[in-house]
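Examination of the molecular architecture
If you want the building blocks of each chain, they are given just below.
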Amino acid sequence: MFGDLFEEDYSSVSNNNGKGKRLKTKALEPPAPREFTNLSGIRNQGGTCYLNSLLQTLHFTPEFREALFSLGPEELGSLEDKDKPDAKVRIIPLQLQRLFAQLLLLDQEAASTADLTDSFGWTSDEEMRQHDVQELNRILFSALETSLVGTSGHDLINRLYHGTIVNQIVCKECKNVSEKQEDFLDLTVAVKNVSGLEDALWNMYVEEEVFDCDNLYHCGNCGRLVKAAKSAKLRKLPPFLTISLLRFNFDFVKCERYKETSCYTFPLRINLKPFCEQSELDDLEYMYELFSVIIHKGGCYGGHYHVYIKDVDHLGNWQFQEDKSKPDVNLEDIQNKEEIDDPLMILKAILLQEESNLIPVDQLGQKLLKKIGISWNKKYRKQYGPLRKFLQLHSQIFLLSSDESTVRLLKDSSLQVESDIQRNDQRLFKTLTSESLKLNDGPSCPHWFDINDSRVQPIKEKDIEQQFQGKESAYMLFYRKSQLQRPPEARANPRYKVPCHLLSEMDAANIELQIKRAECDSTNNTVELHLHLGPHYHFFNGALHPVVSQTESMWDLTFDKRKTLGDLRQSIFQLLEFWEGDMVLSVAKFVPAGLHVCQTLNGDDLTLCEIEIANGEDIFVWNGVEVGGIQIPTGSDCEPLLLNVLHVATSSEGEECQQLIETSHVFPSNAEIGTVFTALAIPEGVILINNTESRGEENWTTIPKEDLKKTFREQGLRNGSSVLIQGSNDGNSLLTKQGKWINTVNEINWLQVKNLSQLESEEEQVKISATLNTVVFDIRIKAIKELKLLKELAENSCLRPIDRNGKLLCPVPDRCTLKEAGLKMGSSLGLCPGKAPASSQLFLFFALGSDVHPGTEMEIIVEETISVRDCLKIMLDKCGLTGDTWHLRKMDWCFEAGEPLCEEDAKLKELMICSGDTLLLIEGKLPPLYVLRISPHQHIQTYVFLFHDFKELSYFIPCSLIFEYKGYKKLGQEEEVPSLWCLSSLHRQPASPVSFQKHVLRYTRVYMESIHTCIYGACVRTFMYIYIFLFTAKIISLALYSAPSFLC
């Protein structure tokens, strides 16, 4: 059940035969740092929650951890020599040492047990299979004892966990005592029909079993059957007492296993004196304190383990989430406020507390906020400027990295700084941390944590009572002797008694992690900006155009979007040495008419992330008033539109000809449509617009005279729209030559908009007049006005189509027209809260499980470049689920679970996931790719019946021609066959289904979801139904998990 861990007889010598090895993929991003508890969890490898819980218990047993650390490389060997054939390396204790060091010192949210389980000899199947933690505890101790034979730690397990029980039988006649001693590493106690632990121990070690009547005892001294009494006592108590609760029982009536979920209490402190053979010692010798509770959630056939652990050495930050945002200090409690008013002293003191005096600049600001309760910008920015600028000005003390992402104290100055401000720092930090000491170090507040794989959360001692009963209840209890006292230097000191070589390894690993995180942050938080310099542009024909060329007028700048707008402005000032006067930065965009300034950026204290600056954004740099002496219009309302205007040509004598000419004109989108007459110097006339993209189609609409005061945007005109101007004196003689123009107003088309914004309005729905070329943004703004809703809703709302079943579909982008969005006139739209997804984002529906009921789907907006793994994590967080035993499937056109998204590192865009698609969260970790298992002991002729693309083409193919048995190795009762499909000798044999029925005893139908097969060298996309016909009574089990995309 536990792989090679059962066979640890010779684990002292490393074995490099490749068994249990796996291909490990390199993570794209470094692991996340520890959370506010400052404790590290352990990642679940698929089904190793039981192992994680036990390892955390051993890690938080300081005496076990330090005893293991005391064994040096001279006794255990070195992991670097494990591949050498003659090297004697004790891999299991070495990997345990390394794991404990990572849990203590490595700044990561969760450690990995992959190397440890490799040392056990486990394969990937063992890591996916859940086992019993009580059995693992015994086997792990046995394997560790075997590994430590011949070292000074050979008695480690025996010294800490070994105890003895004495069983006695006393003859009632001669008083002769017959006794037998038993050793134990853990006590197993009953749960059924017992109220609690003390009741169970009383039944086991206090009450006597009497032999009388028909159940007499044969006394060797008396030589006959006599009355006797049998009892058991604890003779020797170990320093650490492990108690296993018998939660699982067997119902002989129903013939099935079940879990005992009744109430079973256990004390935080227990006196074992009544249960011991010797009771003359002081009571303190028998007092034990609870420090770990392994909890099982689920039933007898499966479930999940996590652990409640008492932090004996106070290594973690025992502070609850609701208190995390509160500052650690009250400024009124600080005696010398001058120390707080001096930022130099505060920053130096913070850096002195860091490893190697190195810290990211962003974290420096966060630690400053945590220590003094107020941010740099609010406290010091007005007087000293931005934090990075302050660090640059004090370069004799602080050393910034080349990319200004990290800062450290100079070595020469750190000693001087430490000696100069040591006394002040001690007084300052004593006051700063006084509040946290009250919270965390009080003797009446034991520090308990709930460690659930990667997640570590603080809990209160009273929360343990919740694990007395129910499907989620205590399964193993760990007690330590009350007399075991920890030395003061071990308190809140994770480096205590860690070997020097592990300290160096962890310090180097932390520095490497910081570098990788800085590189990753720099990559993920960098934006490319296109700077358009105002002096190089001039305003012409309603838009901005470069004076010389686009290349000379635009500069590219790479910038960290975590920095503020003020930092960006300062950087541009440094680049443009010629700039004089004020500098205003505005977001601009290219339109067919030219460059248009949309929005002026304000708020120098805001980061580029907060003002939503996108990658590749166009930034116009100017004085905010004019360009080339001309005051330019700004804002999205006056965005210039490039229209094609058709009008009657004028002859040289000033008379109108019988010919239309087309010219391009630019108009502000918020200008009245009647300004066309002014631009063309036409006193009056009729304006017609083409409602189709092609002017050749005869679909012109006349604009009524009363609508000439409406804007171009309100009329649904956009870039490239065609407008026809007909003078008031023009007749209809040109109509048959140029197209049939309609001089009457068409019937007004409309859309129905329902108020789903969760805000009250006078009407539930309104009808909005529109055309196919009307922009969705205008419809949304009109609906808000007619529904008389708050104007603020315009910034945070969207329109979503409603289907015939009343389901809300994907939001429609504001920039689209009705035609581009595929909306028909008379459709129903819902005005909903929240912004529509951007062009680089996807709006997805997702649901839990494959049985999806309409209306139960959840919604999410993600970037189209996000990976399947990250998308799965976001969906699990939204559902409140944890663990790695989930995968995603896309709902197919039959509204069923389709193919699994196997490539977890692939981007959604690469997998053709579109907005509006539904993804299903399916429980179960995807198995390894390309594995086929069959049983070699069942020699059965098997045939496959294929339907190619669901057509009536059938082929009768022996399986022996498909699967080639080469290079497989023995795995118990099964053999693993490489998924090498040899089809070179494949012969298609048409057969009649009638002939099959004469010989078929039974058949099994297997559905393979998506498989690529290779027939005659051509890769064919095939959906197959496979009917397996067996010519014996036995059934062969095919477990085909997946097939490669190309097998040729």
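Please refer to the structure higher up on the page.
What you see is a predicted model; the values in this text were computed from it and never measured.

When its secondary structure is counted, the chain shows 26 helices and 52 strands. A burial count over the chain gives 45% of its 1048 residues as buried. Within the structure as shown, the chain displays about 54900 Å² of accessible surface, and the carbon and sulfur contribution to it stands at 50%.

As summarised here, the arrangement of the four strands in space is E4-E3-E9-E6, forming an open sheet in which the pairing is antiparallel. The open sheet has two edge strands with one neighbour each: strand E4 (177-184) and strand E6 (209-211). Between one strand and the next, the sheet's axes are offset by a mean angle of 25 degrees, whatever the strand orientation. When E6 meets strand E9 (residues 228-236), the two strands line up antiparallel, connected through three bridges. Residue pairing for E9: glutamate 209 is matched across the bridge by lysine 230.

This part takes up the packing of aromatic side chains. Enumeration according to the criterion identifies 19 aromatic pairs in this entry. Here phenylalanine 64 and tyrosine 161 contribute two aromatic rings whose centre-to-centre distance is 6.3 Å and whose plane-to-plane angle is 65 degrees, an arrangement assigned as edge-to-face. Separated by 97 residues along the polypeptide, phenylalanine 64 in helix H2 (residues 62-69) and tyrosine 161 in helix H8 (residues 156-161) bring together distant segments of the chain. Classification of tyrosine 161 by relative accessible area gives buried; the value is 3%. Relative to phenylalanine 478, the ring of phenylalanine 291 has its centre 6.4 Å away and its plane inclined at 65 degrees; by these criteria the two rings are edge-to-face. Placement of the pair is phenylalanine 291 in strand E14 (residues 287-299) and phenylalanine 478 in strand E21 (residues 472-481), with a sequence separation of 187 residues. For the residue pair phenylalanine 291 and phenylalanine 478, the accessibility class agrees, reading buried in each case. Through pairs of rings, three or more aromatic residues link up here, namely Phe64, Phe100, Phe141, Tyr161, Phe240, Phe291 and Phe478. Across the ring face of phenylalanine 248, the terminal group of arginine 257 is positioned such that the distance to the ring centre comes to 5.5 Å.

Moving on, we get to unusual backbone geometry. One non-glycine residue, aspartate 453, lies in the positive phi region at around 55 degrees. Following the sequence through the fold, aspartate 453 ends up in the loop between strand E19 (448-452) and strand E20 (455-459). Take aspartate 453: its relative accessible area is 10%, and that puts it in the buried class. Phi is positive for glutamate 612, which is not a glycine, with a value near 60 degrees. Within the fold, glutamate 612 resides in the loop between strand E27 (594-600) and strand E28 (617-622). Classification of glutamate 612 as exposed rests on a relative accessible area of 58%.

Within H2, eight of the eight residues are buried, leaving the element largely enclosed by the surrounding structure. Residues of H2 that are buried include every one of Pro62, Glu63, Phe64, Arg65, Glu66, Ala67, Leu68 and Phe69, and no others.

Time to look at the pattern of salt bridges. This model, assessed by the stated rule, comprises 31 salt bridges. Aspartate 283 is the salt-bridge partner of lysine 273, the closest N and O atoms lying 2.9 Å from each other. Here the residue lysine 273 occupies a position in the loop between strand E13 (269-271) and E14, and aspartate 283 occupies one in the loop between E13 and E14, the gap between them amounting to ten residues. On the basis of relative accessible area, lysine 273 is assigned to the partly exposed category, the value being 23%. Owing to a relative accessible area of 35%, aspartate 283 belongs among the partly exposed residues under this scheme. Between aspartate 814 and arginine 780 there is a salt bridge; the shortest N-O distance is 2.6 Å. Linking aspartate 814 in the loop between strand E38 (797-801) and strand E39 (828-833) with arginine 780 in helix H24 (residues 776-786), this pair joins segments that are 34 residues apart in sequence. Assessed through its relative accessible area of 23%, aspartate 814 is described here as partly exposed. Judged by its relative accessible area of 2%, arginine 780 falls in the buried class.

Let's shift gears to the state of the cysteines. By definition, a disulfide links the sulfur atoms of two cysteines through a covalent bond. The full count for this structure, using the stated rule, is zero disulfides. Considering cysteine sulfurs only, cysteine 174 is the nearest to cysteine 222, which forms no disulfide, with 3.4 Å between them.

Attention now moves to the pairing of strand E42 (residues 886-891). For E42, a buried count of five out of six residues is recorded, marking the element as mostly surrounded by other parts of the structure. Across five bridges, E42 lies against strand E44 (residues 918-923) in antiparallel orientation. Across the sheet, tryptophan 886 pairs through a bridge with glutamate 923, a residue of E44. Note: E42 against strand E43 (residues 897-900), two bridges, orientation antiparallel. Across the sheet, methionine 891 pairs through a bridge with alanine 897, a residue of E43. If you look at the hairpin formed by E42 and E43, you'll find five residues sitting between the two strands, and phenylalanine 895 has a positive phi there, around 60 degrees.

Our next topic: the environment of serine 722. Relative to the elements of secondary structure, serine 722 occurs in strand E35 (residues 722-727). Residue class for serine 722 comes out buried when judged on its relative accessible area of 5%. Spatially, the C-alpha atoms of serine 722 and asparagine 644 are 4.7 Å apart, while their sequence positions differ by 78 residues.

Side chains of Trp555, Leu575 and Phe578 sit close together on the surface and give an oily, nonpolar patch of about 290 Å² of accessible area. You can see leucine 575 is positioned in helix H21 (residues 565-575). When its relative accessible area of 44% is taken as the criterion, leucine 575 is described as partly exposed.

Turning our eyes to something else, we now look at the side chain of lysine 563. Within the secondary structure, lysine 563 is located in the loop between strand E25 (554-560) and H21. Ignoring anything within four residues of it in the chain, the contact list for lysine 563 reads Arg388, Glu404, Leu606, Thr607 and Leu608.

This part takes up the sheet that holds strand E17 (residues 398-400). The strand order across the open sheet formed by three strands is E16-E18-E17, and the pairing between neighbours is antiparallel. Lying at the two open borders of the sheet, with one neighbouring strand each, are strand E16 (358-360) and E17. Strand-to-strand twist of the sheet, defined as the mean angle between neighbouring strand axes without regard to direction, takes the value 25 degrees. As paired strands, E16 and strand E18 (residues 406-409) are joined by three bridges and run antiparallel to one another. Looking at E18, one finds that proline 360 is bridged to threonine 406. Where helix H12 (residues 343-352) meets the sheet, it contacts E16, E17 and E18, and its direction lies at approximately 90 degrees from that of E18.

With 66 residues, the main nonpolar core has Phe64, Leu96, Phe100, Val133 and Tyr161 as its most contacted residues. The element that contributes the greatest number of residues to this core is helix H4 (residues 91-105), accounting for ten residues. Setting aside its immediate chain neighbours within four residues, valine 133 contacts Tyr50, Leu54, Ile294, Tyr305, Tyr475 and Met476. In terms of nonpolar packing, the next biggest core, distinct from the first, is built from 35 residues, Val191, Leu201, Leu234 and Ile459 among them.

The next point concerns H21. Those residues of H21 that fall on the buried side of the exposure criterion are Leu565, Gly566, Leu568, Arg569 and Ile572. One side of H21 carries all its buried residues, which in axial view fall inside an arc of 160 degrees. Of the surrounding secondary structure, the elements contacted by the buried residues of H21 are strand E22 (526-533), E25, strand E26 (584-591) and E28.

Rules used in this analysis
Residues numbered from 1 in each chain as written. Predicted model: local features only at pLDDT ≥ 70, side-chain atom pairs only at ≥ 80, totals over all residues. Heavy atoms only, no water. Helix = DSSP H or I, 4+ residues; strand = E, 2+ residues; numbered from the N terminus. Buried < 20%, exposed > 50% of the residue type's maximum accessible area, 1.4 Å probe, protein only. Areas by Shrake-Rupley, 256 points an atom, 1.4 Å probe, with all protein chains shown as cover. Pairing = 2+ DSSP bridges. Axes fitted to C-alpha atoms, helices over the stretch in contact; angles between N-to-C directions. Phe/Tyr/Trp six-rings, centres within 6.5 Å; stacked < 30°, edge-to-face > 60°. Lys NZ or Arg CZ within 6 Å of the ring centre and 35° of its normal. Salt bridge = Lys/Arg side-chain N within 4 Å of Asp/Glu carboxyl O. Disulfide = S-S within 2.5 Å. Patch = residues over 30% accessible without salt bridge, like charges linked within 9 Å, V, L, I, M, F, W, Y side chains within 5 Å. Contact = heavy atoms within 4.5 Å. Core = buried A, V, L, I, M, F, W, Y, C linked by side-chain atoms within 4.5 Å. Arc of directions from axis to C-beta.

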